[in-house]
Amino acid sequence: MKRRPIVAIDGPAGAGKTTVSQRVAEELGYVRLDTGALYRCVALAAARRGVDWSDQDGVTQVAEDLAKRRAIRFQALGDGNQKVLVDAEDVSVQIRDQAMGQGASRVSAIPGVRAALLDMQRVQASEGGVVLEGRDIGTVVFPDAEAKFFLTASPQVRAERRYQELQERGQTAELDEIVREVKERDSRDSQRPVAPLKQADDAELVDSSNLDIDAVVSRIVDRVRRIEAELGV
């Protein structure tokens, strides 16, 4: 049986990658691997161990330990959602905290952290039929992925989405501050020396600024199904 394609969805923070990749995986019957969650888990584990995110050696050791023990796992819930587990503890909520998002951006720029988690991602996706989201999936992790997409939206739209998300969780937030953080993170992620955020040359650009989730998902799913047909799977 021919291997189903690997679907890579890259893009900046707040573009809707998590929701879109979840929906795409559900409609295609694929497994979703949230690579951003891996880095959030490293940030959380480092914080819990008292390791500052600026301590490259210390954070690398944390990441290597997690990778060696295969401590990070994704558990499907059967409704299209999934749990993120670290040492069997459900940290799904904790890693979505705003601070962990900033921490993920910082630790993901550390070469040792990226190296530690790279093999983990490749092993879990090697059999195909998987949807991966992140910032360098199509350029670094799986440069040969059959289906690549770069999902983005304007900084203002992404900040407004994040603001609404935090409001729904009952967390206080200032929209202007989130806009500033989004722009700062875009700059940091795109200018970092290791695996910077950028669109792969062969990735299809999907700007969701004026599209709803259904339209974005439909566009990606239709494209993947055409690729499946071309591959004969």
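Data block above holds the structure.
The text that follows walks through the structure, step by step, so that each part is easy to find.

### Here we look at the pattern of salt bridges
Side-chain pairing between opposite charges can occur once the charged atoms of the two side chains come close.
Step number 1: This structure, assessed with the given rule, holds 19 salt bridges.
Step number 2: One salt bridge in this structure joins Arg169 and Glu165, with 2.7 Å as the shortest N-O distance.
Step number 3: Several salt bridges converge on common partners, so that one network encompasses Arg49, Asp65, Arg69 and Asp87.

### A few points about the environment of Leu66
Step number 1: Checked against the element boundaries, Leu66 lands in helix H3 (residues 56–68).
Step number 2: Non-local contacts of Leu66, meaning those with residues more than four positions away in its chain, are made with Cys41, Val42, Ala45, Arg49, Ala71, Ile72, Val86 and Met120.

### Looking at helix H4 (residues 98–107)
Step number 1: Within H4 the residues assigned to the buried category are Met100, Gly101, Gly103, Ala104, Ser105 and Val107.
Step number 2: Contacts made by the buried residues of H4 are with helix H2 (35–48), H3, helix H5 (111–125) and helix H8 (175–191).
Step number 3: N-cap assignment for H4: the residue whose side-chain oxygen lies 2.8 Å from the backbone N of Ala99 is Asp97.

### So, the nonpolar core
Step number 1: Counting residues in hydrophobic clusters, the biggest one holds 42 residues, and the most contacted among them are Val42, Val59, Leu66, Val113, Leu117, Leu132 and Phe142.
Step number 2: At 9 residues, the largest contribution of residues to this core is made by H2.
Step number 3: Counting 19 residues, the second largest nonpolar core, distinct from the first, contains Ile9, Val20, Val24 and Ala25.

### Focus: the packing of helix H7 (residues 155–168) against H8
Step number 1: Interaxial distance between H7 and H8 falls to 9 Å at its minimum, and their mutual angle equals 125 degrees. As judged from the angle between their axes, H7 and H8 are oblique. In this structure, H7 crosses over H8, and the sense of that crossing is right-handed. Together, Pro155, Gln156, Arg158, Ala159, Glu160, Arg162, Tyr163 and Leu166 of H7 and Leu175, Ile178, Val179, Val182, Lys183 and Asp186 of H8 make up the contact between the two elements.
Step number 2: Tallied by class, the residues present in the contact of H7 with H8 amount to 8 nonpolar, 1 polar and 5 charged.

### Topic: the pairing of strand E7 (residues 147–152)
Step number 1: With 6 of its 6 residues buried, E7 lies for the most part within the structure.
Step number 2: The side-chain alternation of E7 yields two buried faces, one formed by Ala147, Phe149 and Leu151 and the other by Lys148, Phe150 and Thr152.
Step number 3: Judged from the 4 bridges that link them, strand E1 (residues 6–10) and E7 form a sheet pairing that is parallel. Paired with Val7 across the strands is Ala147, a residue of E7.

### Some details on the packing of H2 against H5
Step number 1: Relative orientation of the contacting elements H2 and H5 amounts to 135 degrees, with a least axis distance of 11 Å. Put simply, H2 runs oblique to H5. When the axes of H2 and H5 are compared, the crossing they make is right-handed. Every residue of H5 that contacts H2 at Thr35, Leu38, Tyr39 and Val42 is listed here: Val113, Arg114, Leu117, Met120 and Gln121.
Step number 2: Here the contact of H2 with H5 is composed, by residue class, of 6 nonpolar, 2 polar and 1 charged.

### Description of unusual backbone geometry
Step number 1: The phi torsion at Arg70 lies on the positive side, around 50 degrees, for a residue other than glycine.
Step number 2: Mapped onto the fold, Arg70 is located in the loop between H3 and strand E3 (72–76).
Step number 3: Even without a glycine there, the phi angle at Ala88 is positive, about 70 degrees.
Step number 4: Inspection of the secondary structure assignment puts Ala88 in the loop between strand E4 (82–86) and strand E5 (89–90).
Step number 5: For Ala88, a relative accessible area of 70% translates into the label exposed.

### Thoughts on the environment of Gly112
Step number 1: Here Gly112 shows up in helix H5.
Step number 2: For Gly112, a relative accessible area of 22% gives the class partly exposed.
Step number 3: Spatially, the C-alpha atom of Gly112 lies 7.9 Å from that of Asp57, the residues being 55 residues apart in sequence.

Calculation notes
- Residues numbered from 1 in each chain as written.
- Predicted model: local features only at pLDDT ≥ 70, side-chain atom pairs only at ≥ 80, totals over all residues.
- Heavy atoms only, no water.
- Salt bridge = Lys/Arg side-chain N within 4 Å of Asp/Glu carboxyl O.
- Helix = DSSP H or I, 4+ residues; strand = E, 2+ residues; numbered from the N terminus.
- Contact = heavy atoms within 4.5 Å.
- Buried < 20%, exposed > 50% of the residue type's maximum accessible area, 1.4 Å probe, protein only.
- Polar contact = N/O pair within 3.5 Å; in protein donor to acceptor, adjacent residues only side chain to side chain.
- Core = buried A, V, L, I, M, F, W, Y, C linked by side-chain atoms within 4.5 Å.
- Axes fitted to C-alpha atoms, helices over the stretch in contact; angles between N-to-C directions.
- Parallel < 35°, antiparallel > 145°, perpendicular 65-115°, else oblique.
- Left-handed = near helix turned anticlockwise from the far one by under 90°.
- Nonpolar A, V, L, I, M, F, W, Y, C, P; charged D, E, K, R; others polar.
- Pairing = 2+ DSSP bridges.

Without other data, these values stay purely geometric and don't point to any function.
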